[in-house]
Amino acid sequence: MAESKARKTATKPAAEPAAKTAAKKTVAEKTAAKKTAAAKTAVKPRKPESHLAMVRRARRINRELAELYPYAHPELDFENPFQLLVATVLSAQTTDLRVNQTTPALFAKYPTPEDMAAANPEELEEIIRPTGFFRNKAKSLIGLSTALRDEFGGEVPGRLADLVTLPGVGRKTANVVLGNAFGVPGITVDTHFGRLARRFGWTTEDDPVKVELAVAEIFPKSEWTMLSHRVVFHGRRICHSQKPACGACPIAPLCPAYGEGELDPEKARKLLKYEMGGQPGQRLRPPSDFPGEAAARADATAHQGRVADQGVEA
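Below: a short report on this structure.

Thoughts on the overall build of the protein
Right, so step 1: When helices and strands are tallied, the protein shows 15 helices and 0 strands.
Right, so step 2: Expressed as a percentage of its 314 residues, the buried residues of the protein come to 42%.
Right, so step 3: Sequence separation of 24 or more characterises 63% of the internal contacts of the protein that already satisfy a separation of 6 or more.
Right, so step 4: Of the roughly 17600 Å² that the protein leaves accessible, carbon and sulfur atoms contribute 53%.

Things to note about the pattern of salt bridges
Pairs can form between side chains of opposite charge whenever their charged atoms are close.
Right, so step 1: If you walk through the whole model with that rule in mind, you get 15 salt bridges.
Right, so step 2: Across the salt bridge formed by R171 and E212, the nearest N and O atoms sit 2.6 Å from each other. Of this pair, R171 sits in helix α10 (residues 171-181) while E212 sits in helix α12 (residues 208-216), placing them 41 residues apart in sequence.
Right, so step 3: Take R171: its relative accessible area is 32%, and that puts it in the partly exposed class.
Right, so step 4: On the basis of relative accessibility, which here comes to 9%, the residue E212 falls in the buried class.
Right, so step 5: One salt bridge connects E275 with R237, and the closest N-O pair in it is separated by 2.8 Å. On the criterion of sequence distance, the pair formed by E275 in the loop between α14 (265-269) and α15 (292-297) and R237 in helix α13 (residues 224-237) is long-range, its members being 38 residues apart. Judged on exposure class, the residue E275 and its partner R237 are both buried.
Right, so step 6: Several salt bridges share partner residues, and in doing so they unite E75, D96, R236, R237 and E275 into one network.

A look at unusual backbone geometry
Right, so step 1: Located in the positive-phi region is Q93, a residue other than glycine, with phi close to 60°.
Right, so step 2: Looking at the element boundaries, Q93 is found in the loop between α4 (81-90) and α5 (96-109).
Right, so step 3: With a phi angle near 50°, F133 is a residue other than glycine that sits in the positive phi range.
Right, so step 4: Residue classification places F133 among the exposed residues on the basis of a relative accessible area of 54%.

Quick word on the layout of surface pockets
Over the atoms a probe the size of a water molecule is rolled, and this reveals where empty space is left.
Right, so step 1: There is about 910 Å³ of room inside the largest pocket.
Right, so step 2: Put simply, the parts of the chain that give the lining of the largest pocket at least two residues each are α4, α10, α11 (191-199) and α13.
Right, so step 3: The biggest single contributor to the lining of the largest pocket is α13, with 7 residues.

Considering the environment of F200
Right, so step 1: With respect to the element layout, F200 can be found in the loop between α11 and α12.
Right, so step 2: For F200 and R57, which are 143 residues apart along the polypeptide, the C-alpha to C-alpha distance reads 9.0 Å.
Right, so step 3: If near-sequence neighbours (up to four positions away) are discounted, F200 is found in contact with R57, I61, H234, I251, C255 and P256.

What counts, and where the lines are drawn
- Residues numbered from 1 in each chain as written.
- Predicted model: local features only at pLDDT ≥ 70, side-chain atom pairs only at ≥ 80, totals over all residues.
- Heavy atoms only, no water.
- Helix = DSSP H or I, 4+ residues; strand = E, 2+ residues; numbered from the N terminus.
- Buried < 20%, exposed > 50% of the residue type's maximum accessible area, 1.4 Å probe, protein only.
- Contact = heavy atoms within 4.5 Å.
- Areas by Shrake-Rupley, 256 points an atom, 1.4 Å probe, with all protein chains shown as cover.
- Salt bridge = Lys/Arg side-chain N within 4 Å of Asp/Glu carboxyl O.
- 1 Å grid on protein atoms, 1.4 Å probe; cavity = no way out; pocket = protein on both sides within 12 Å on 5 of 7 lines; lining within 4 Å.
- Points joined across faces, edges and corners; volume = space filled by probe spheres on them.

In structure tokens, the structure reads:
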């Protein structure tokens, strides 16, 4: 019996060193801390929302975006309604920056509708080639310029019903021109606006016209144009299509889609674009009263994605 006890005692493993035990505890503590952090950032399901509550939340989002983007504006360079109309047509399926790089040569050669209506299609195509789909766009530009010359006395009309009769001009383009060249309120539903309107829970529609009509019922008419700029700005800078920067978004508490993107604040900040990421926007010739240069210099990431307004003139 004594010999058997001795053998059992001999086969027992030796006690683990204190350092190894402490290391295991440290790993366990780190794992627990990670789980706790994950639990804190977990996305809680939202309760069903009444229409009135949605409208109130939507208007609060608009106010928050107004503070975040006090300088929101059209990011196409233009000096008159005709230039804005042409630039907006060219902006389809490309960036505003690419259009802004293309239009100086275009308007130098064709400054008026009469000049563009008489353009050689091949020469026009060559100038606008960098914007993509240049053949169709050239056809639209010559067509709308011809219509402006023949039907509107060489002037861009200030009515939606007239603008949408021009070749290549739909409601989105018409609303851009009306809101920014004529001061007529309009909602511009591009890919950014439509995506965010659905993420914000303002509508479930995919059709741009239905999105426009749904959003128009939520906001007063006086807000339509600036609302469009703010939402598009947010879509381009923070709420991206593929990787929205949820963890760096100032309006995350108001967003039903929070959690679709990157939640980690540091990783999310790396996704920020344009002045939010320390780079200028898309406009090459901003108006003289636009505080974009100062905004671009502001270290927005130090303020959780908000653009610092210190030293920025109103």
